[in-house]
Amino acid sequence: LTDKCFTGLIENISKLNGEIQRFSIENMTLSADSWNYLFYAFDAFKPWDTLECCDFNGIDLKMATPEDVSKSILILQRRCRFIQQLSLSNWVQPIPIAIDSFSHSSALNQLILQKQDFTEPINEATRLPSYIFYIDVSQSTFSLASLQSFFKLLLSIPKKPIVLNFADICMPENAWPSFYSSLSSLKDI
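Residues numbered from 1 in each chain as written. Predicted model: local features only at pLDDT ≥ 70, side-chain atom pairs only at ≥ 80, totals over all residues. Heavy atoms only, no water.

It is worth spelling out the overall build of the chain at this point. The number of helices and strands found in the chain is 5 helices and 10 strands. In terms of overall size, the chain behaves like a compact globule, its C-alpha atoms giving a radius of gyration of 17 Å where 189 residues would be expected to give roughly 16 Å. Referenced to the eigenvectors of the C-alpha coordinate spread, the extents of the chain come out at roughly 55 × 30 × 25 Å. Taking all 189 residues of the chain together, 46% fall into the buried category. In the chain, once contacts between residues fewer than 6 apart in sequence are set aside, the share between residues at least 24 apart is 77%. A total of about 9,900 Å² of accessible surface is found on the chain, and carbon and sulfur atoms cover 53% of it. Both charge centroids of the chain, one from 15 positive and one from 20 negative side chains, sit 6 Å from each other. (Helix = DSSP H or I, 4+ residues; strand = E, 2+ residues; numbered from the N terminus. Rg over C-alpha atoms; globule rule 2.2 N^0.38 Å. Buried < 20%, exposed > 50% of the residue type's maximum accessible area, 1.4 Å probe, protein only. Contact = heavy atoms within 4.5 Å. Areas by Shrake-Rupley, 256 points an atom, 1.4 Å probe, with all protein chains shown as cover. Lys, Arg positive; Asp, Glu negative; His and termini not counted. Charge placed at Lys NZ, Arg CZ, Asp CG, Glu CD.)

And the structure:
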């Protein structure tokens with residue numbers, strides 16, 4: 001889709017006289033302009049207010065920075081207050097995702113971030129939404145420090161059942177022994 005076609009499609013969807021509960025984009029190339037227009041629409045048009053599930057999977061995002069993506073996530077959470085499931089997975093070019101971008105949603109309970117870049121440690125002040133019960137970071141890339149900080153972040157979630165998917169995560173081979181030995185220093189997980 002060209003930028004003009006994509007923005008025209010989003011503009012027409014945004015004019016619907018109704019409510020949108022789920023929106024998915026799968027395996028698509030988007031320019032930064034198209035990406036930004038989509039989040040402008042989320043912010044400006046009423047049908048998006050009721051969005052509960054949003055999937056952006058297999059995206060090839062051209063000329064956008066990680067900061068653009070973080071700003072977009074903040075817009076989505078601010079405007080679409082009922083967002084419960086969010087997936088940013090299997091992007092052509094994994095992006096460094098700031099986990100603190102997801103702390104502003106009170107309703108978010110499923111976070112799917114497969115095959116993304118988590119090599120930067122998470123700030124200790126970061127907290128996840130209290131209702132979160134499913135986190136999938138399978139096939140994502142971590143550093144030793146970032147994986148340790150991710151587990152510390154999990155300790156901040158109120159005690160309740162939570163499903164974690166760390167299948168096939170990537171980390172430098174020599175970091176694994178250090179990670180396993182550091183687990184004993186964490187409180188109850």
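Burial along strand β1 (residues 22-26) is one-sided: the residues F23 and I25 are buried and none of R22, S24 and E26 is. With 5 bridges joining them, β1 and strand β3 (residues 53-57) adopt parallel strand pairing. When the bridges of β3 are listed, E26 appears paired with N57. (Pairing = 2+ DSSP bridges.)

For the structure on display, the rule yields 1 cavity of 30 Å³ or more. Estimated volume of the largest cavity: approximately 40 Å³. Considering the residues around the largest cavity, the lining is formed by I99, L111, L113, L128, I135, V137, F150 and L153. Class assignment of the residues belonging to the lining of the largest cavity gives a composition of 8 nonpolar, no polar and no charged. (1 Å grid on protein atoms, 1.4 Å probe; cavity = no way out; pocket = protein on both sides within 12 Å on 5 of 7 lines; lining within 4 Å. Points joined across faces, edges and corners; volume = space filled by probe spheres on them. Nonpolar A, V, L, I, M, F, W, Y, C, P; charged D, E, K, R; others polar.)

In this section: the packing of aromatic side chains. A ring pair, where both rings are aromatic, is described by two values, the distance of the centres and the angle of the planes. Under the counting rule described, the total for this entry stands at 20 aromatic pairs. Look at F150 and F166: their rings are 5.5 Å apart centre to centre, the planes differ by 90°, and that puts the pair in the edge-to-face class. With a gap of 16 residues between them, F150 in helix α4 (residues 144-154) and F166 in the loop between β10 (163-165) and α5 (176-182) connect regions that are remote in the sequence. F166 shares its class with F150; the two are buried. Taking the centre distance of 5.3 Å and the plane angle of 20° together, the rings of F151 and F166 count as stacked. You can see F151 sitting in helix α4 and its partner F166 sitting in the loop between β10 and α5, a full 15 residues away along the chain. (Phe/Tyr/Trp six-rings, centres within 6.5 Å; stacked < 30°, edge-to-face > 60°.)

Moving on to helix α3 (residues 66-79). For α3, which comprises 14 residues, the first-to-last C-alpha distance of 20 Å matches the rise-based estimate of 20 Å (1.5 Å per residue) to within 8%. Summarising the contacts, the buried residues of α3 are in contact with α2 (32-44), β3, β4 (60-62) and β5 (85-89). (Expected span 1.5 Å × (residues − 1).)

Our focus in this paragraph is the nonpolar core. Judged by nonpolar contacts, the single largest core of 53 residues is most densely connected at F23, F42, L51, F56 and F102. Broken down by secondary-structure element, the contributors of at least two residues to this core are α1 (3-14), β1, α2, β3, α3, β5, α4 and α5. Per element, the largest residue contribution to this core is 6 residues, and it comes from α2. (Core = buried A, V, L, I, M, F, W, Y, C linked by side-chain atoms within 4.5 Å.)

Here we take up the environment of F42. Counting through the fold element by element, F42 comes out in helix α2. Note: C-alpha distance between F42 and A64 (22 residues apart in sequence) is 18 Å. In contact with F42, other than residues within four places in its own chain, are F23, W48, L51, C54, F56, L76, R79 and C80.

Attention now moves to the layout of surface pockets. Empty space left among the atoms is revealed by rolling a probe the size of a water molecule over them. Of the voids in this model, the second largest pocket is the one considered here, and its volume is about 210 Å³. If you trace the second largest pocket, you find 18 residues lining it, with I97, A98, I99, E120 and P121 closest to the centre. Elements represented by at least two residues in the lining of the second largest pocket include exactly α3, β7 (117-118) and α4. The residue makeup of the lining of the second largest pocket, split by class, is 10 nonpolar, 5 polar and 3 charged.

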